[in-house]
Amino acid sequence: HFLIKCWKIKLLLKNNLLKLLVYSNVYVAIAVACLTFTTGLMFSVSLINECLFSFFGTLFIYNCARLTKYSNLGSKKNARFLFIKRYYKHLFIITLFAFFCSIYYFFQFSSNSLYLLFFCSVLALFYSIPIFNIRNVPGLKLFLIAFIWTALTFVIPLLNTKIQFDLDFYFL
């Protein structure tokens, strides 16, 4: 009987942990940080601060979209909605923590990459918060996401390292 209770608790923890990873967008943030890390590997440079910024910034932006969208869902009652409703405060705290961490790492960038990083951050905020509604502009969504992800995971980290680029770089 005790083993069955332990197994149920373990299964419940695994299930909720998986839901937390998916519904809090941690898996997306890990993917973006890994892409940034891959850029560092390609050019043999350390991009630890850039990886941490991309992780926390992505976590913040995607959770902003999720939490603001949650307030507008109305009568939809799917598993994601129910999870967000139940753990709204926890997700809000995670989002707030990600915001402060991303602000800290934002100021670790060199001045020549800050302008592009700021521009991408503003675009991402406009995309994620429904007030600005650029998410629903036909044909823009794909290009906006591709531009921001490319800038965040490739261009900005390399600008920050001050690598001298040769002609081969432009063919990547």
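If you're wondering where the values come from, they're calculated on a predicted model, not measured in any experiment. Counting of residues starts from 1 at the beginning of each chain's written sequence and follows it residue by residue. The predicted nature of this model means local features are confined to residues of pLDDT at least 70 and side-chain atom pairs, given and counted, to a pLDDT of 80 or more, with totals for whole chains, interfaces and linings taken over all residues. Side-chain metrics in this entry use all non-hydrogen atoms of the structure; hydrogen atoms and water are not considered.

### Observations regarding the environment of Phe 60
Part 1: Working definition: helices are DSSP H or I runs of at least four residues, strands are E runs of at least two. Numbering for both runs from the N terminus. Here Phe 60 is to be found in helix 3 (residues 48-71).
Part 2: Note on classification: 1.4 Å probe, protein chains only; a residue is buried when its accessible area is under 20% of the maximum for its type, exposed when over 50%, partly exposed between these limits. Its relative accessible area of 14% is what places Phe 60 among the buried residues.
Part 3: Should any heavy atoms of two residues lie within 4.5 Å, those residues are counted as being in contact. When near neighbours in sequence (up to four residues on either side) are disregarded, Phe 60 contacts Thr 95, Ala 98, Phe 99 and Leu 125.

### Regarding helix 7 (residues 140-161)
Part 1: To estimate how far a helix should extend, the number of its residues minus one is multiplied by 1.5 Å. For helix 7, spanning 22 residues, the distance from its first C-alpha to its last is 30 Å, which sits close to the expected 32 Å at 1.5 Å a residue.
Part 2: Largest kink in helix 7: about 45°, centred on Ala 151.
Part 3: Where helix 7 is concerned, the buried positions are Leu 144, Ile 148, Ala 151, Leu 152, Thr 153, Phe 154, Ile 156, Pro 157, Leu 158 and Asn 160. By definition, a residue's bend is the angle between the axes fitted to the seven residues ending there and the seven starting there.

### Quick look at the nonpolar core
Part 1: Among buried residues, those of type Ala, Val, Leu, Ile, Met, Phe, Trp, Tyr and Cys that are joined through side-chain atoms within 4.5 Å constitute a nonpolar core. Membership of the largest hydrophobic core comes to 27 residues, with the highest contact counts inside it found for Phe 53, Phe 55, Phe 56, Leu 59, Leu 117, Leu 144 and Ile 156.
Part 2: Among the elements of the structure, helix 2 (26-43), helix 3, helix 5 (88-106), helix 6 (111-128) and helix 7 are those that each provide at least two residues to this core.
Part 3: Among the elements that take part in this core, helix 3 stands out by supplying seven residues, more than any other.
Part 4: In this structure, Leu 117 is in contact with Phe 53, Phe 106, Phe 109, Leu 152 and Ile 156, ignoring residues within four places of it in sequence.

### Re the packing of aromatic side chains
Part 1: What counts as a ring pair is set by centres within 6.5 Å for rings of Phe, Tyr and Trp (its six-membered ring), and what kind of pair is set by the plane angle: stacked under 30 degrees, edge-to-face over 60, tilted for all other angles. Applying the stated criterion across every chain, the model contains 13 aromatic pairs.
Part 2: Here Tyr 104 and Tyr 105 contribute two aromatic rings whose centre-to-centre distance is 4.9 Å and whose plane-to-plane angle is 80°, an arrangement assigned as edge-to-face.
Part 3: Judged by its relative accessible area of 15%, Tyr 105 falls in the buried class.
Part 4: Aromatic ring contacts, followed pair by pair, group Phe 55, Phe 56, Phe 97, Tyr 104 and Tyr 105 into a single cluster.

### Topic: the side chain of Thr 36
Part 1: Take Thr 36: it is sitting in helix 2.
Part 2: When its relative accessible area of 0% is taken as the criterion, Thr 36 is described as buried.
Part 3: Throughout this description, a polar contact denotes any pair of N or O atoms lying within 3.5 Å of each other; where both atoms belong to protein, one of them has to be capable of donating a hydrogen while the other can accept it, and for residues adjacent in sequence the pair is counted only when both atoms sit in side chains. There is a polar contact of 3.2 Å between the side chain of Thr 36 and the side chain of Ser 54.
Part 4: Contacts of Thr 36, omitting those with residues within four sequence positions, involve Leu 47, Glu 50, Cys 51, Ser 54, Leu 152, Thr 153 and Pro 157.

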